[in-house]
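Letter by letter, the chains look like this.
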Amino acid sequence: MSIQIASKLPSVGTTIFTVMSQLANEYGAVNLGQGFPDFMMSTELTGLVNQAMQDGFNQYTHMNGYPPLVEALAIKAAKLYGAQLQAANHITITPGGTYAIYTALTTVLQPGDEVILFEPAYDCYIPTIELNRAKAVPIQLSFPNYAIPWDEVKSAINARTRMIMINSPHNPTGAVMSAADLQTLASIVKDTNIIILSDEVYEHLIFDDIQHQSILRYPELFERSFVCFSFGKTYHCTGWKLGYCMAPADLMKEFRKVHQFNCFTCPTPPQVALATYIKNESAYLTLGADMQAKRDYFRTLMQDTPFTCIPSHGSYFECYSYANFSQVPDKELAVTLTKEYGVATIPVSAFYHNGQDNKVLRFCFAKKALTLEKAVEGLKRLSA
Ligand code: PMP
Ligand code: GLN
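This write-up is about the structure you can find in this document. All figures in this text were calculated on a predicted structure; none of them were measured in a lab.

## Comments concerning the site of ligand 1
- Surrounding ligand 1, one finds 13 residues, the nearest of these being T98, D199, Y202, K233 and K241.
- In the environment of ligand 1, an oxygen atom lies 2.6 Å from a nitrogen or oxygen atom belonging to the side chain of T98.
- Here an oxygen atom of ligand 1 and a side-chain polar atom of S230 are 2.7 Å apart.
- In the complex, the protein chains occlude 93% of the 390 Å² of accessible area that ligand 1 would expose alone.
- Broken down by element, the residue count for the shell around ligand 1 peaks at three residues, all from helix α5 (residues 97-108).
- Split into classes, the residues belonging to the shell around ligand 1 amount to four nonpolar, six polar and three charged.

## Thoughts on the sheet that holds strand β12 (residues 346-347)
- If you trace the four strands from one edge of the open sheet to the other, you get β9-β10-β13-β12, paired in antiparallel fashion. Of all the strands in the sheet, just β9 (308-310) and β12 have a single pairing partner and so form its edges.
- Both strand β10 (residues 317-321) and strand β13 (residues 360-364) contribute to a ladder of five bridges, which runs antiparallel. In the strand pairing of β13, Y320 is matched with L361.
- The sheet strands contacting helix α15 (residues 330-341) are β12 and β13, and the helix crosses β13 at an angle near 45°.

## Examining the packing of α5 against helix α11 (residues 249-259)
- α11 packs onto α5 with a crossing angle of 110° between their chain directions and a minimal axis gap of 9 Å. Looking at the two axes, α5 sits roughly perpendicular to α11. Contact residues: Y99, A100, T103, A104, T106 and T107 in α5; L251, E254, F255, V258 and H259 in α11.

## As for the pattern of salt bridges
- The tally for this structure, following the rule as stated, stands at 11 salt bridges.
- Here K76 makes a salt bridge to E203, at a shortest N to O gap of 3.8 Å. Taken together, the positions of K76 in helix α3 (residues 67-81) and E203 in the loop between β6 (195-199) and α9 (219-222) put the pair 127 residues apart, joining distant regions of the chain.
- Given a relative accessible area of 8%, K76 falls into the buried group.
- A salt bridge links D357 to K359; its shortest N-O distance comes to 3.1 Å.
- Looking at D357, the relative accessible area reads 23%, which means it is partly exposed.
- Taking relative accessible area as the criterion, K359 reaches 14% and is therefore assigned buried.

Rules used throughout
Residues numbered from 1 in each chain as written. Chains lettered and ligands numbered in written order. Predicted model: local features only at pLDDT ≥ 70, side-chain atom pairs only at ≥ 80, totals over all residues. Heavy atoms only, no water. Near = heavy atom within 4 Å. Polar contact = N/O pair within 3.5 Å; in protein donor to acceptor, adjacent residues only side chain to side chain. Areas by Shrake-Rupley, 256 points an atom, 1.4 Å probe, with all protein chains shown as cover. Helix = DSSP H or I, 4+ residues; strand = E, 2+ residues; numbered from the N terminus. Nonpolar A, V, L, I, M, F, W, Y, C, P; charged D, E, K, R; others polar. Pairing = 2+ DSSP bridges. Contact = heavy atoms within 4.5 Å. Axes fitted to C-alpha atoms, helices over the stretch in contact; angles between N-to-C directions. Parallel < 35°, antiparallel > 145°, perpendicular 65-115°, else oblique. Salt bridge = Lys/Arg side-chain N within 4 Å of Asp/Glu carboxyl O. Buried < 20%, exposed > 50% of the residue type's maximum accessible area, 1.4 Å probe, protein only.

So, in structure tokens, the structure goes:
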């Protein structure tokens, strides 16, 4: 007998990141799909984790996070963004940014609530909204500059609107929100009960001398926000799955009620290591310039291919259009490039609820120069 259950996510398959990474492995392709660096993280930091384990930090730490790390994050937020946060009330360490987003949505959403988000959207957003029996209200970013159409946001707001999700620097497009965007958002939500979820996992991966417009800079927005971060992105250790959430005290109190019965607490050794390593400000303050150099190198290499660049200003990613040389669906082209040209990418239609296909692929440039060169060698065989 096979026991049946009703699927909570009937129209969801396997995430595109796993699909493309598996295909890349199967065909021995260079993987510019799933977002992760292929270079070594700081050996000073790995050394500190070893040290923490040898020093006996191997048991549960506080459910809100290892206290010295949480304190250090409050100091960092004050220094970078002028935010006045109390470690005890406003910050919780989570097993990754995805979990922080999941917990924030689960904390807030009641069945029937509406959540406005922008597409292309990171792929966990809509399924998490739907698991909570709420309704996703996707609004498409303008194409090809991926700006937020604020007039559409205003028209989409109604009495059921519970949250607005933003993500800057943006995955998959590398678009970055401006101060004017944040001010518009503040004016739209003023005098409403709308909660903001701000996904800022790429806060330090920002280029072209642009300043990251964290919600933490805007007290009138922070008072209604959950702000989600990832150590994986900041320290080149995506496999650590460690992040954190910042929110005002009342919201964080409810967030912790959900968190304490889900994972309860995160691994102690990396938190102990980070509590020391986070004091090295240059490790994150130089990150934007380092990653911008990779973006620029990749962009130069890509000039020898028929792809058209859609400029990225942040994140690990840059999108490229192929509309001028092929009209095949982007998922089909991504598979062909992996199997026949040795390069895995992510088709951007995967980030639209309706599979909208603008003939754009996402490339991860957080790679060694040699990896980028090898990938582009394969792509050069494409003809315009
Ligand atoms: N949000 C965005 C936009 C991301 O790209 C990612 C991950 N890559 C996450 C959240 C989740 O980060 P984590 O791996 O820490 O769960
Ligand atoms: N965030 C990464 C990306 O966008 C991957 C995360 C994942 O594999 N779920 O590629």
